[in-house]
Structure formats: C-alpha cells, structure tokens
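Chain by chain, the residues run as shown.
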Amino acid sequence: MKSLITSPFINGHSIGPKGNELIPQTNPTTEEVFVEVQAAGLEELEMAVQGAKSAFNGWRQRSPNERADMLYAIAHAIRQQKDTLARWETQNIGKPAQDAKDEIELGARIFEYYAGAVGKYFGHTIPVSKKGLNMTLREPMGVVAAIVPWNFPFPIACWKVAPALAAGNTVILKPSSLSPLTALGLGKLAIEAGLPEGILQVVPGRGRLIGEALSRHPDVRKISFTGSTQSGARIMESAAKGIKRVSLELGGKSPNIIFADADLDSAASDSPMSVFANAGQDCCARSRVFVEDAVFDEFVDRFIAATSELKVDDPGLATTHIGPMVSKSQRENAEAFIEQARSSGRQIASGGHRPFERGYFLSPTVVLEPEVGDSCWRDEIFGPVVCIRRFKDEATMLQEVNDTPYGLSGSIWTNQLSRALRVARAVEAGVLSINTHSSVHVEAPFGGYKQSGIGRDLGMHALDGYSEIKNIFIAE
Ligand code: NAD
C-alpha cells in the first residue's frame, strides 16, 4: 500500500470518481491542501450497506478459528504498513510522529486482542425452575456502522471494527471528514490481508449526510459512535425510529485531583501531558485540576515549569511533544475560551498565544483559579487549555467534581490508599486513574457515565455491544 486511497472503499475496491463532493485534506502544519478525498454519496452508501448485508451470512458462519486467523492477518498487515499509516496521520491531523506510530501499533494490538477473544466469548447454561436445559448463545447483530472522530482516528476505528468483526458482524466504517486517510488505508489493507469483500466497507463523507443516513438506514442494526455529545444525541434520535442498538462514546471535562500528600514530583511532571497531549484534543483530557490548598502554589509552579519543557513544534520531528490543532476553526474555538477567561479578569499563567505564524499551533495555556461558573471551567474546550483551582475540603471538592453533565474519566493523586479508593468511588465517571493519567487499556472497558456516553469500548465488555443474547430452553 504505497499511495493514498482517496475514494470510498466498498466491496473490495476503491470506488472511482462519481461526481460527489471532494473533501479537501489540509495539512494543519502548513495550512496547505495536499489531497482531496471523494465523499460517498447516498448511492455509494446504499452499495456499501447492501454489500455488507450480503456478506454477513458467510462471515458469521466462519468458524471462530477462521475469524481469529483473519483478525491476526489484519494485525500483521497493520504492522507492516505502520510507517506509512503513521506518516498519513501526521500529515492529515498534525499528530506528532512518535504518537502516530504508537497509535498505529495500538491498532495492531487491538486486532490481536480480539483475534484471541473470538473463541473465549460464549453463553452460559442456567439452572431454571422447569425441567430441562436452559442455555444462552451470543449471536452477531448484522451490519454495524462505526462512526468515528478525527482526534485518534486509527485506534478508535480499530477498537470498533475489530470487536464487531470478532463477534461475526460486518462493518461500515465512517471516518471524520477531517481524517479519512488511515480508515481508507485500513479498508484496503484488510482486503490485501485476505478479508473477503463486503465485510469491512469504508465510506468517507459528511456526518450530516452519510452519518445520518447510516443512523436511519433500516438494514443497519447497530451504530457504534465516538464523537461530540451533540452529534451523539442526534444519532440517538435518528436511530430511535428503527430501535437500533446504539453505543456512544462522547465528550468529557475530566478532573485531575491532587491531594497534599501526593508525590508532587510525579503529579506535576505527569499532569501537563494529561491535558496537553494531542494538543488537548482528547476526550479524556484532564482539563479541570483540583489542587489541595496546602500545596497549591508549589504544584502550580511545578506544573508550569513542566509545561515549559514541552516542545511545541513540527509534528514530523521526533522531538515534538505537541503539534498543531487539527483545523483553523478548532483553534479559533479554543482561543475564544481563552479570550473569555482573559476578559473576565482570570490569570493566564502560561501560554495563550500562537507560537508560529504558520500552522494551527496554540501554546499550552494555563488558566488559574477561574470561577466555577466560567465557561472554560464548565465546557469541553478540546484544545490545549487547562484550568486549575484550589480546594480546602474533600466533600466540597467532590461536589464540584461531579457538578458537570460529563463523566468520562479522572485522575486522583494521593499516597493514601483508602482515600484513593473512597474518592475513586465518589467520582461519577467511567474511567478513573490513581497516581497516573493513563486511561486506555486494550484489555479494560472504556466509556463514560452521564452525558459522556452509553456502553463500553475495549476489553471483553465491548463484545456485549456487538452481539445479541439468545436464550434456548430444551425440555427434558
Ligand atoms: P463530531 O461529533 O463532530 O464527529 C464525530 C463523527 O460523527 C464524524 O465522523 C462526523 O462526521 C460524524 N457525525 C457528525 N454529525 C453527525 C450526525 N448528525 N449523524 C451521524 N454522524 C455524525 O466529533 P469530532 O469533532 O469529530 O470529535 C470531537 C468530539 O469527540 C469531542 O467532543 C470529544 O470529546 C469526542 N470524543 C470522545 C471520545 C470518547 O471515547 N468518549 C473519544 C474521542 C473523541
């Protein structure tokens, strides 16, 4: 796979020019358009859905070993193309080179995990009150639509496609218009690895057209979505008519809680990348920092010192920690939050400016002690902006932590085990990290409480979202 795939990949082929919209792909480092991708129209979408529907029976009837071997082959093909895929990601969304390689590797590991899971996911026998044998089977749903965002395009696509295929479904993958390249690459390399045609279709296109059409399509049984809370709500509405299964991984405004007894060296050196990595465009970004009063000044000084060590630069360089934001409008959106904080008299203790004339860069920005009603404290910014506030007692802090519609993730830094567990249980969020900010593990469930989502990606839990339970009773 040497060259970019620039049109929908359906039934094993790249579908040539159809006169649909051409979506320009802008390199956020240079601000130049480097390629145009042909969007799928409704005609191509229909072709993709019908192809996936026809392929379903053949795929579900493959033995578990055959399905597992296919997923292993895709993992192998991803590793072989790692450098190419990583380069495309850097060019397409400004992902720093090492992060891009790590994310492609993560995609390969996800396929391996679900290859191994195929034969380990099964039903139960259940003792019931009637005489006989009661058992449950796990069965695939049919055609699954995976609608994914632009911030971690490859791993998120893999963590939806791999478990859906492992469970015996066929998949239509719709990447974001800002980042279609590695998804199209995945479609092509899966075919080259031997996946029969129709089982994985890739349809780039606008969310309002292709995403909505997938959410309404009568032959699509399940929508697995990652993206903003607003789009998630629209998808639920569209899917409601057909009682489609829906899983949603949505936005966040995650807390980072620093107690005075924490190892401040680790907390202060790790915390900047828990919010500034990927230029802050991370649903798990720990963007609200709560610091216990006794160590507030010391923590803030160390946090700012550690932030100043982060290299904001060309994402193609191996030394770069933070690249540009994905687009002009994404940066303007983050700048509006900073401007609002500034004009309300909040202290911008670091950053808040464009470090270069060219490229959608924004320097990592620290807002000190905003009010709890400030938009930078309440709303998801999805940019390199952190707010830090002090707290005096645990109960009030926890009230503020949970005073948000979101509930995706959070970190707690303390050396007291009992406190760590007490606070982890009290935070209304799906993913908590203690003395680290690491949130994503291939083997463990990932997803949110409240308006951060419904259902779980990753781990064995993800398979529940791609299968139905059938109950069978045999009279004795
Ligand atoms: P987005 O909601 O704008 O788009 C996500 C995907 O949905 C894209 O493919 C888009 O084309 C499609 N889409 C948009 N509107 C649609 C509609 N009405 N119907 C169907 N599909 C539609 O989100 P984004 O800007 O690409 O991503 C950023 C958001 O994603 C942030 O809010 C972030 O927190 C969230 N996110 C969440 C997670 C998580 O796991 N919880 C992970 C990454 C990103």
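Everything here concerns the structure above.
Residues numbered from 1 in each chain as written. Predicted model: local features only at pLDDT ≥ 70, side-chain atom pairs only at ≥ 80, totals over all residues. Heavy atoms only, no water.

### Concerning the sheet that holds strand E15 (residues 365–368)
With respect to topology, seven strands assemble into an open sheet ordered E14-E15-E16-E13-E12-E17-E18, the strand pairing being mixed. Unpaired on one side and paired on the other, strand E14 (347–350) and strand E18 (431–434) mark the two borders of the sheet. The sheet shows a mean angle of 25 degrees between the axes of neighbouring strands, taken without regard to direction. As paired strands, strand E12 (residues 255–258) and strand E13 (residues 288–292) are joined by four bridges and run parallel to one another. (Pairing = 2+ DSSP bridges. Helix = DSSP H or I, 4+ residues; strand = E, 2+ residues; numbered from the N terminus. Axes fitted to C-alpha atoms, helices over the stretch in contact; angles between N-to-C directions.)

### Some details on the environment of Phe 382
Here Phe 382 is to be found in the loop between helix H12 (375–378) and strand E16 (385–391). Considering only alpha carbons, one finds Phe 382 and Ala 279, 103 residues apart in sequence, at a separation of 8.3 Å. Leave out the neighbours within four places in its chain, and Phe 382 touches Trp 150, Asn 151, Gly 280, Gln 281, Asp 282, Cys 283, Met 325 and Gln 330. (Contact = heavy atoms within 4.5 Å.)

### A closer look at unusual backbone geometry
We note that Asn 278 has phi near 55 degrees; this positive angle belongs to a residue other than glycine. Of note, Asn 278 is situated in the loop between helix H9 (264–276) and E13.

### Considerations on the site of the ligand
Residues in close proximity to the ligand total 28 residues, the closest being Val 148, Ser 228, Ser 231, Leu 250 and Glu 380. When the ligand is considered free in solution it has 840 Å² of accessible area, and contact with the protein chains removes 90% of it. Mapping the ligand onto the cavity grids shows that it belongs to the largest pocket. At the level of secondary structure, the elements contributing two or more residues to the shell around the ligand comprise helix H7 (207–216), strand E10 (222–226) and helix H8 (229–240). Examining the composition of the shell around the ligand, we find that four residues originate from one element, H7, more than from any other. (Near = heavy atom within 4 Å. Areas by Shrake-Rupley, 256 points an atom, 1.4 Å probe, with all protein chains shown as cover. 1 Å grid on protein atoms, 1.4 Å probe; cavity = no way out; pocket = protein on both sides within 12 Å on 5 of 7 lines; lining within 4 Å. Sits in = over half its atoms within 2 Å of the grid points.)

### So, empty space enclosed by the protein
Applying the stated criterion across every chain yields a total of four cavities of 30 Å³ or more. In this structure, the largest cavity encloses a volume near 80 Å³. Partitioned by chemical class, the residues of the lining of the largest cavity number five nonpolar, five polar and three charged. Taken as a whole, the second largest cavity holds about 60 Å³ of empty space. Lining the second largest cavity are 17 residues, with Pro 255, Thr 404, Tyr 406, Gly 407 and Glu 428 positioned closest to its centre. Residues belonging to the lining of the second largest cavity are distributed by class as follows: six nonpolar, seven polar and four charged. (Points joined across faces, edges and corners; volume = space filled by probe spheres on them. Nonpolar A, V, L, I, M, F, W, Y, C, P; charged D, E, K, R; others polar.)

### A word on the nonpolar core
Ile 78, Phe 111, Tyr 114, Leu 173 and Leu 186 are the most contacted members of the largest nonpolar core, which totals 63 residues. Top element by residues in this core is helix H5 (residues 153–166). It accounts for ten residues. What Phe 111 contacts, discounting residues up to four positions off in sequence, is Leu 71, Ile 74, Ala 75, Ile 78, Cys 158, Val 161, Ala 162 and Leu 186. Counting 50 residues, the second largest nonpolar core, distinct from the first, contains Leu 264, Val 300, Ile 322 and Ile 338. (Core = buried A, V, L, I, M, F, W, Y, C linked by side-chain atoms within 4.5 Å. Buried < 20%, exposed > 50% of the residue type's maximum accessible area, 1.4 Å probe, protein only.)

### Focus: the layout of surface pockets
Space inside the largest pocket adds up to approximately 1100 Å³. Around the largest pocket sit 41 residues that line it, and Trp 150, Phe 225, Gly 227, Ser 228 and Ser 231 are the ones nearest its centre. Only H5, H7, E10, H8 and helix H11 (328–343) provide two or more residues apiece to the lining of the largest pocket. By residue number, the principal contributor to the lining of the largest pocket is H8, which donates five residues. Its residues placed into classes, the lining of the largest pocket shows 16 nonpolar, 17 polar and eight charged. Of the voids in this model, the second largest pocket is the one considered here, and its volume is about 790 Å³. Forming the boundary of the second largest pocket are 30 residues, of which Glu 103, Phe 152, Ala 277, Asp 282 and Val 440 lie nearest the centre. With five residues, the single largest contributor to the lining of the second largest pocket is helix H4 (residues 97–117).

All we've got here are geometric facts, nothing functional implied.
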